Amino acid sequence: MTAVPCDHVKGDDTRSLSPPAESPVNTATESEDSTSSTTTTNNSETGSNDIKVRVRRSSSTGDANASGVPSDLRDKDEVFLQPEDPVSGSGSGSKGATRADDDRSDDSTPFQSEEGSDSEDGLPVETHKVYKRRFVMLFFVSFISLTNSSNLLAFTVIATQAADFWQVNIALVNALVAMGDGLSLIAAFIVPYFVDQRGLFVSSLAVNILNVIAGWLRFVGGQPSQTYFASMFIGQALSVIAMFVNAQMPPRLATLWFPANQRTIATAIQSVSWQFGLVLGIILGDQLKDHIWTMLLIQAIINTLPAVGVPFMQDQPPLPPQPSMENVEEKAERSLKEGGIIPATKRLITNFHWLFLVLFTGLPIGVMSAIITLVQQLLPEEMQSKTALFSILFFLSGIVGALVFSIIADKTKRYWILTLCILILASVSWGLFIVGIYLKEIALAIVFYAMLGLSLLGLMPVVTDFAVEVSFSSEVHLEARSTAYLWLVINSVSIILTFGTMPSVLDSHYALFVYLGILVVSTLVVGFLFHAPYRRLEEERKQSISIEMAEMNGSTQ
């Protein structure tokens, strides 16, 4: 983006424009509408592209907030810059924009244009806007999360009954839940590469194919025999792979389609749907523990439904949602050429701030994952009959936490302090849960187990967006890889703790304090040793400054 230089002297409240002598400036303004103007700068000697500036007077702070404009710059003219193609006379940013695309855009979006060209009155085309289609895409991505997460935890509350049903060791039933952690160690390097290279449409198609096959393979395995358990195991593995691919899509969808003030909540909606799926799976497992075949049939049907959403998926919008994404097509092309597994991984692991964040927020979330898997075996015998209640309240509280913390993150952009507060809440909640266990106070244990869900499940969307913020690159897409490697840490911790703190390996009383120690250490490290720049917000701030400079130039024309 190019801005014409200007001098602004605050003391006299005067503004002057001083173009270079060798570059004569011809200016044309629209005087019919007092709320907007167009300025065209033409450098005929150098042959450089024309720059068009469009100004709109706005009393709303919504757009300014969305683009990260400081408060002292709000309530001023909004300026959009667009290089003009020297041949066609149309802006490059309008590539692919059609009337149909404009019809799908939000009604509040300014400067609707037709066919990506200048209108008859000479006004330039818009450079960025948001589309209603993004909500449809988010709905289907979230629906997939709900369906395959319902497969994941159905057996955590009926592990003993499932082992008896298939006549297998209970460790194999635990493996149905924990296999996601193991598969992620491999998928973390392949899946994000696939999502970044192939885009949202192909990724969504692959997820739905895997999801449908997985659901019906699990149904076939719903017979009381060790032989059929193999089909169940393979179907569960495919479901986990589908879930892992789908988990990389929301950060990319949020970055490419959503404005800055909606990104974290968009990620949170997918996280909440994942948690709803876990609750659904727990309820199905608890209510149908004596009818496992019926439960698997219901889950297979649910797995098939999201496939109708594939035609609605689109890799990227015709126009970006805000100025910092104006070069999205060029960035996508560079991602294809330079975004291989090794270069992208090198970019991330050499980013100390990102690495530090992922390690010390991945640890507590990994603890949570292990607790979810072993909850029935961690509770005293007199509380094990209430396992389903513990789990349901855990996830319902997590849904509330994810929504509340995501809204706070979107409104304030204070990721670090929010992350620290959540970790403090998690540490205190788990400590009081242990007190409830030792006092055999089931009500106290349930309340603080739910508070643990509120904090750690609520932390997930915040940390996901925080990691993207810290690892943001203006050159290539790293959103999917950042999320994948975060989950790699989480799942690695979960594997170690799940199999290292099982009752057959470590007494449950000691396991409770191992988890508490990890939570406390992570909280102290994040609180006292972590500080990181917000790269994505900084990029948007620079864009806002460029727009403000162009605004002052336009007001002098």
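Quick caveat, the model's predicted, so the values are computed rather than measured. (Residues numbered from 1 in each chain as written. Predicted model: local features only at pLDDT ≥ 70, side-chain atom pairs only at ≥ 80, totals over all residues. Heavy atoms only, no water.)

Colleague: I would appreciate a short explanation of the overall build of the chain in the present structure.
Modeller: When helices and strands are counted, the chain shows 18 helices and 5 strands. By the burial criterion, 55% of the 557 residues in the chain qualify as buried. Expressed as a percentage of contacts within the chain between residues at least 6 apart in sequence, the contacts between residues at least 24 apart total 78%. Of the roughly 23,000 Å² that the chain leaves accessible, carbon and sulfur atoms contribute 62%. (Helix = DSSP H or I, 4+ residues; strand = E, 2+ residues; numbered from the N terminus. Buried < 20%, exposed > 50% of the residue type's maximum accessible area, 1.4 Å probe, protein only. Contact = heavy atoms within 4.5 Å. Areas by Shrake-Rupley, 256 points an atom, 1.4 Å probe, with all protein chains shown as cover.)

Colleague: How should I be thinking about the pattern of salt bridges in this particular structure?
Modeller: Any two side chains of opposite charge can pair, so long as their charged atoms come close to each other. One pass over the full model with this rule turns up 2 salt bridges. Put simply, Glu382 and Lys440 hold a salt bridge, and the shortest N to O gap is 3.1 Å. Taken as a pair, Glu382 in the loop between α12 (352-378) and α13 (387-412) and Lys440 in the loop between α14 (415-439) and α15 (442-471) lie far apart in primary sequence, 58 residues in all. With relative accessibility at 45%, the residue Glu382 sits in the partly exposed group. One salt bridge connects Lys413 with Asp410, and the closest N-O pair in it is separated by 3.6 Å. (Salt bridge = Lys/Arg side-chain N within 4 Å of Asp/Glu carboxyl O.)

Colleague: So what exactly am I meant to see when it comes to empty space enclosed by the protein here?
Modeller: One way to see where empty space is left: roll a probe the size of a water molecule over the atoms. Following the criterion strictly, the structure yields 3 cavities of 30 Å³ or more and no others. Approximately 490 Å³ is the volume found for the largest cavity. Around the largest cavity sit 31 residues that line it, and Met243, Trp274, Met460, Trp487 and Asn491 are the ones nearest its centre. (1 Å grid on protein atoms, 1.4 Å probe; cavity = no way out; pocket = protein on both sides within 12 Å on 5 of 7 lines; lining within 4 Å. Points joined across faces, edges and corners; volume = space filled by probe spheres on them.)

Colleague: Even after reading the chapter, I still don't get the confidence of the model for the chain, so can you show me in this structure?
Modeller: As a general rule, the predicted coordinates of low-pLDDT regions are not to be interpreted in detail. In the predicted model, the chain carries a mean pLDDT of 74, and 71% of its residues have values of at least 70. Every residue in residues 1-120 scores below 50 in pLDDT, and together they form 216 contacts with partners more than four places removed in sequence or on other chains. (pLDDT = per-residue confidence, 0-100.)

Colleague: Is there a simple way to explain the environment of Gln236 in this structure?
Modeller: Turning to its location among the elements, Gln236 is positioned in helix α6 (residues 226-247). Taking the C-alpha atoms as reference, Gln236 lies 8.0 Å from Gly215; in sequence the two are 21 residues apart. When sequence neighbours within four positions are dropped, the list of residues in contact with Gln236 reads Asn151, Leu152, Leu176, Met179 and Arg218. Reaching out from Gln236, the side chain makes a polar contact with the backbone oxygen of Leu176 at a distance of 3.1 Å. (Polar contact = N/O pair within 3.5 Å; in protein donor to acceptor, adjacent residues only side chain to side chain.)

Colleague: Hey, could you run me through a nonpolar patch on the surface in this one?
Modeller: On the surface, a nonpolar cluster with roughly 380 Å² of combined accessible area is contributed by Phe201, Val202, Leu205, Ile209 and Ile213. The topology assignment puts Val202 in helix α5 (residues 170-220). Looking at Val202, the relative accessible area reads 31%, which means it is partly exposed. (Patch = residues over 30% accessible without salt bridge, like charges linked within 9 Å, V, L, I, M, F, W, Y side chains within 5 Å.)

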